[in-house]
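Commentary on secondary and tertiary structure
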Amino acid sequence: MPVRDVGWYLAALPLLARGADVLHCPTFRAPVRSPVPLVVTFHDLAVLRRPEVFNAWTRSYSRALLPRVARAADRLIAVSHFTALELVDLLGVPESKVRVIPNGVGDPFTPEGEAAEGEYVLAVSTLEPRKNLDRLVEAFGRAKLNGCELRIVGARGWGDVEIGNGDQIRWLGEVSDEQLACLYRGARCAAYVSLYEGFGLPVLEAMACGTAVVSSDLPAVREFSRGVVTVDPADPDAIAAGLIEALNKREELGQKGREAATAYSWSRVADETAAVYREVCG
């Protein structure tokens, strides 16, 4: 949205930040000048690494503004070591300005609680080209999981990605966190086959719920995932084989993932972020 991106982030926000101790922008949409110390969180640099899967405005805005935002920020928070390397590589950010603070997970994403009914594989992502849902749907068909649905949760994005509801495919749209946790717990496995990620939060959420996961083999996901079947997201046959493997090992994989997810809490994220604030305030 051009009005928001230019009018709010570049003009209004710096004025409103006057008198604050720190201005923290939780995404890379941020001012290019700030009257107070500026902290910006970068979740990924997909728009620069894979521009073809973004709309024209986002591509143009990001090419023009991201280098200036990176220069203006006193500290950049990266949600993974992979994203930190991307900042250095694509934006020329000095390593000394970057702090890595991985995402967290907490309630309601726990193994305890209500589980959705039915036999299904769960996919959680916005409907947009980067999330690779067309190949997931193709792979699900090739896996021939009799009596099993593919349920897809997520908002409609851009790029005219359509998920047709049918006998085995159901798009549920957006749901609450409580409903999502219920869906994770009831799923035979979760599938996340994005083409590029700076972290991959749905993988961590599924792990925390004790759900077996099939994920793209991406550097950022490898940093935190345990008990996850990794696949080539460009190969529907590999995704299909991954789904079958995850279903066959669902108890073992679920336990490993649940144990690994305990290291990633939002309280840790808050503590480490507050430390960055103290750092920029001197």
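Before any of the text, the structure's been laid out above.
Read on for a plain summary of the structure. (Residues numbered from 1 in each chain as written. Predicted model: local features only at pLDDT ≥ 70, side-chain atom pairs only at ≥ 80, totals over all residues. Heavy atoms only, no water.)

1. Describing the layout of surface pockets
Quantified by volume, the largest pocket comes out at close to 1100 Å³. If you trace the largest pocket, you find 43 residues lining it, with His43, Asp44, Thr126, Arg130 and Lys131 closest to the centre. Counting residues per element, the ones that place at least two in the lining of the largest pocket are α3 (56-72), α6 (177-186) and α7 (201-208). Top element by residues in the lining of the largest pocket is α7. It accounts for three residues. Here the lining of the largest pocket is built from residues that sort into 19 nonpolar, 13 polar and 11 charged. Put simply, the second largest pocket is a space of about 160 Å³. With three residues, the top contributor of residues to the lining of the second largest pocket is helix α11 (residues 266-280). (1 Å grid on protein atoms, 1.4 Å probe; cavity = no way out; pocket = protein on both sides within 12 Å on 5 of 7 lines; lining within 4 Å. Points joined across faces, edges and corners; volume = space filled by probe spheres on them. Helix = DSSP H or I, 4+ residues; strand = E, 2+ residues; numbered from the N terminus. Nonpolar A, V, L, I, M, F, W, Y, C, P; charged D, E, K, R; others polar.)

2. Details of the sheet that holds strand β7 (residues 169-173)
Ordered by their spatial adjacency, six strands build an open sheet running β7-β6-β5-β8-β9-β10, and the pairing between neighbours is parallel. On the outer flanks of this sheet lie β7 and β10 (228-231), each paired with one strand and no other. Ignoring strand direction, the axes of neighbouring strands in this sheet form an average angle of 25°. Sheet analysis places strand β6 (residues 149-153) next to β7, joined by four bridges and oriented parallel. Bridging across to β7, Arg151 finds its partner in Arg170. In the packing of α7 onto the sheet, the strands contacted are β5 (120-124), β8 (189-192), β9 (213-216) and β10, and the crossing angle to β9 comes to about 165°. (Pairing = 2+ DSSP bridges. Axes fitted to C-alpha atoms, helices over the stretch in contact; angles between N-to-C directions. Contact = heavy atoms within 4.5 Å.)

3. Quick word on the nonpolar core
Among the nonpolar cores identified, the biggest contains 33 residues, and Val40, Phe42, Leu76, Leu87 and Leu91 are the most heavily contacted of them. Within the residue set of this core, elements represented by two or more residues are α1 (2-16), β1 (23-25), β2 (38-42), α2 (46-49), α3, β3 (75-78) and α4 (81-91). In terms of residues, this core owes the most to one element, α3, which gives five residues. Residues within four places of Leu76 in sequence aside, it is in contact with Val40, Phe42, Ala70, Leu87, Val93, Lys97, Val98 and Arg99. Residues Tyr184, Phe199, Met207 and Ala208 belong to the second largest nonpolar core, which totals 31 residues. (Core = buried A, V, L, I, M, F, W, Y, C linked by side-chain atoms within 4.5 Å. Buried < 20%, exposed > 50% of the residue type's maximum accessible area, 1.4 Å probe, protein only.)

4. Description of the environment of Phe199
Mapped onto the elements of the fold, Phe199 is located in the loop between β8 and α7. The sequence separation of Phe199 and Val47 amounts to 152 residues, and the corresponding C-alpha distance is 15 Å.

5. Observations regarding the state of the cysteines
Overall, the coordinates contain zero disulfides when judged by the stated rule. Distance from the sulfur of Cys189, which forms no disulfide, to the nearest cysteine sulfur (Cys148) is 7.3 Å. A relative accessible area of 0% means that Cys189 is categorised as buried. With no disulfide of its own, Cys209 lies 9.7 Å from the sulfur of Cys182, the closest cysteine sulfur. Its relative accessible area of 5% is what places Cys209 among the buried residues. (Disulfide = S-S within 2.5 Å.)

6. Some thoughts on the packing of α1 against α3
Direction vectors running N to C along α1 and α3 enclose 25°, while the axes themselves pass 11 Å from each other. In terms of axis orientation, α1 runs roughly parallel to α3. Here α1 contributes Pro2, Asp5, Val6 and Leu10 to the contact with α3, which in turn contributes Trp57, Tyr61 and Leu65. Residue composition of the contact of α1 with α3, by class: six nonpolar, no polar and one charged. (Parallel < 35°, antiparallel > 145°, perpendicular 65-115°, else oblique.)

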